[in-house]
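Residues per chain are reported as follows:
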Amino acid sequence: MNRALKIGILEGDDIGLEVVPETIKVMRAAAHKTGLQIEWFPLPIGRKAFDELGYTLPPGTLDKLDTYDGWVLGPIGHQAYPRDQPNAINPHPILRKHYDLFANIRPAKSFPGLPALYKDVDLIFVRENNEGFPPDRNVFMGSGEFRPTPEMTISVRIITRPGSSKVARAAFELARTRPRKKVTAVHKDTVFKLGCGMFAEECRKLAQEFPDIAFDEVMVDTMGMKLVMRPQQFDVIVTTNTFGDILSDVAAGLVGGLGLAPGLSAGPARAMAQATHGSAPDIAGRQIANPYAMIMSGQMLMAWLGHKHGEPRAVQAAQLMEAAMESVIKAGKMLTPDLGGKASTREMGDAVAAAVAVL
Ligand code: ATP
């Protein structure tokens, strides 16, 4: 690649204002170390953008993002946006749909030194991101939830063959890069015969295309139990939107909580680093949020960009970020309170950036 990578910085709300700067700090340190050129573009979004510019997603944002390779999006606290303001929209669905960010990749990895239910989990969810039950994702206009009578609500769930096939392919391709080379499809085709049935059919087709990858299927309710009892048996888990949303939070709980749950929303041309956690208004502004999830989401973006653009320095920068984070966790001195430490968000970010520099 003979140009600089272009990456947007969208801080989001609440703890986003604390964890995103640490993420950029670590990404910058890794890029500096490997000689990777990155141009950074901060863009206003969320509550701050609404207060300053009158829009949570200011006009022109998509035009600008069109010119970037990817971006870091902090958590969005849309529940607290003013309900009666048409310009106070939730930017998430617009970004996900506009850029066809169909695969939401959410790893759950445990670390021996940290307080967690399990010390030996290393699995990764590939969750369909643009279809399913959430009403913001399943219709072109309006809401996919409606109330025909005061006593009845109907929630529509969309499953498409191309959407299922795309996310299944992403899961199998990801499994090829991992040592255990295994994909588990999670659904409930015994009950949702058409919707989950279609999803399962597409997963099975992909399994035929990837004979080097072990493949099995687990019903979503059984998966809840198996995940809690023996999560070590899973490698890559592919599933539909809402099942993936719930189960990936369960997996985060197994390895130490949402502060340890990174994520990447990836599409054909661009990807968005986005931690699994929300904007956590209960702890915002106190410098106690764990920056791990957001930093490692940035790390996933770095790796994705490296593979997408054939840029070995970005791949190397991602490896450095991961190794630096692991060394800080292993040292155990600069950890935020949720990990049993006393460090602030900034101190933990500083420690990871410093570790990148000395690796
Ligand atoms: P959303 O619906 O937007 O995903 P949520 O309602 O699931 O959000 P979160 O904002 O993710 O809620 O917070 C859930 C809990 O996890 C809160 O108690 C919060 O403080 C905690 N939490 C979330 N992120 C972090 C973090 N980075 N570090 C420490 N604690 C966190």
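Everything numeric in this text was worked out from a predicted model, so none of it was measured.

**Things to note about the overall build of the chain**
Along the backbone of the chain there are 11 helices and 12 strands. The C-alpha radius of gyration of the chain comes to 20 Å, within 12% of the 21 Å expected for a compact globule of 359 residues. Seen through its C-alpha atoms, the chain measures out along the principal axes to roughly 55 × 50 × 45 Å. Looking at the chain as a whole, 54% of its 359 residues are labelled buried. Restricting the contact set of the chain to residue pairs at least 6 apart, pairs at least 24 apart contribute 74%. Split by element, the accessible area of the chain, about 15500 Å² in all, is 57% carbon and sulfur. Taken as two groups, the 40 positive and 39 negative side-chain charges of the chain have centres that lie 4 Å from each other.

**Looking at the nonpolar core**
If you look at the biggest cluster of nonpolar residues, it comprises 74 residues, and the most contacted ones within it are M27, V72, V238 and L301. Sorting elements by how many residues they give to this core places helix α9 (residues 292-308) first, with 11 residues. Core analysis: the next-biggest nonpolar cluster, separate from the first, contains 18 residues, L123, V220, M223 and L227 among them.

**Re the pairing of strand β8 (residues 182-187)**
Among the six residues in β8, six count as buried, and that is most of the element. Residues K182, T184 and V186 line one face of β8 and the alternating positions V183, A185 and H187 line the opposite face, and both faces are buried. Here β8 runs beside strand β9 (residues 214-219); their pairing, made up of six bridges, is parallel. Note on β9: the bridge partner recorded for T184 is D216. Handedness of the crossover joining β8 and β9 through helix α6 (residues 195-209) is recorded here as right-handed. In this structure, β8 lies alongside strand β10 (residues 236-239), joined through four bridges in parallel fashion. Residue pairing for β10: A185 is matched across the bridge by V238.

**Let's talk about the site of the ligand**
Near the ligand, the surroundings consist of I15, L258, G259, H277, G278, S279, A280, D282, I283, A289 and N290. Measuring from an oxygen atom of the ligand, one finds a backbone N or O atom of A280 at 2.8 Å. The side chain of D282 places a nitrogen or oxygen atom 2.9 Å from an oxygen atom of the ligand. Compared with its free state, where it exposes 620 Å², the ligand has 59% of that area covered by protein.

**A word on unusual backbone geometry**
At D14, a position not held by glycine, the phi torsion is positive, near 50 degrees. Relative to the assigned elements, D14 resides in the loop between β1 (5-10) and α1 (16-34). The phi dihedral of K181 is positive, around 50 degrees, even though this residue is not glycine. Note on placement: K181 falls in the loop between α5 (161-176) and β8.

**Description of the pattern of salt bridges**
Taken as a whole and judged by the stated rule, the model has 21 salt bridges. Salt-bridge contacts for D122 lead to R178; the nearest nitrogen and oxygen are separated by 3.4 Å. Residue D122 is found in strand β5 (residues 122-128), and its partner R178 is found in the loop between α5 and β8; the two are separated by 56 residues along the sequence. Close ionic contact of R178 with D235 constitutes a salt bridge, the shortest N to O distance being 2.7 Å. Separated by 57 residues along the polypeptide, R178 in the loop between α5 and β8 and D235 in the loop between α7 (220-229) and β10 bring together distant segments of the chain. Judged by its relative accessible area of 1%, D235 is buried. Beyond isolated ion pairs, a larger network of salt bridges with shared partners links R161, E201, E202 and K205.

Procedures and definitions
Residues numbered from 1 in each chain as written. Predicted model: local features only at pLDDT ≥ 70, side-chain atom pairs only at ≥ 80, totals over all residues. Heavy atoms only, no water. Helix = DSSP H or I, 4+ residues; strand = E, 2+ residues; numbered from the N terminus. Rg over C-alpha atoms; globule rule 2.2 N^0.38 Å. Buried < 20%, exposed > 50% of the residue type's maximum accessible area, 1.4 Å probe, protein only. Contact = heavy atoms within 4.5 Å. Areas by Shrake-Rupley, 256 points an atom, 1.4 Å probe, with all protein chains shown as cover. Lys, Arg positive; Asp, Glu negative; His and termini not counted. Charge placed at Lys NZ, Arg CZ, Asp CG, Glu CD. Core = buried A, V, L, I, M, F, W, Y, C linked by side-chain atoms within 4.5 Å. Pairing = 2+ DSSP bridges. Right-handed = clockwise from strand over helix to strand, strands pointing away. Near = heavy atom within 4 Å. Polar contact = N/O pair within 3.5 Å; in protein donor to acceptor, adjacent residues only side chain to side chain. Salt bridge = Lys/Arg side-chain N within 4 Å of Asp/Glu carboxyl O.

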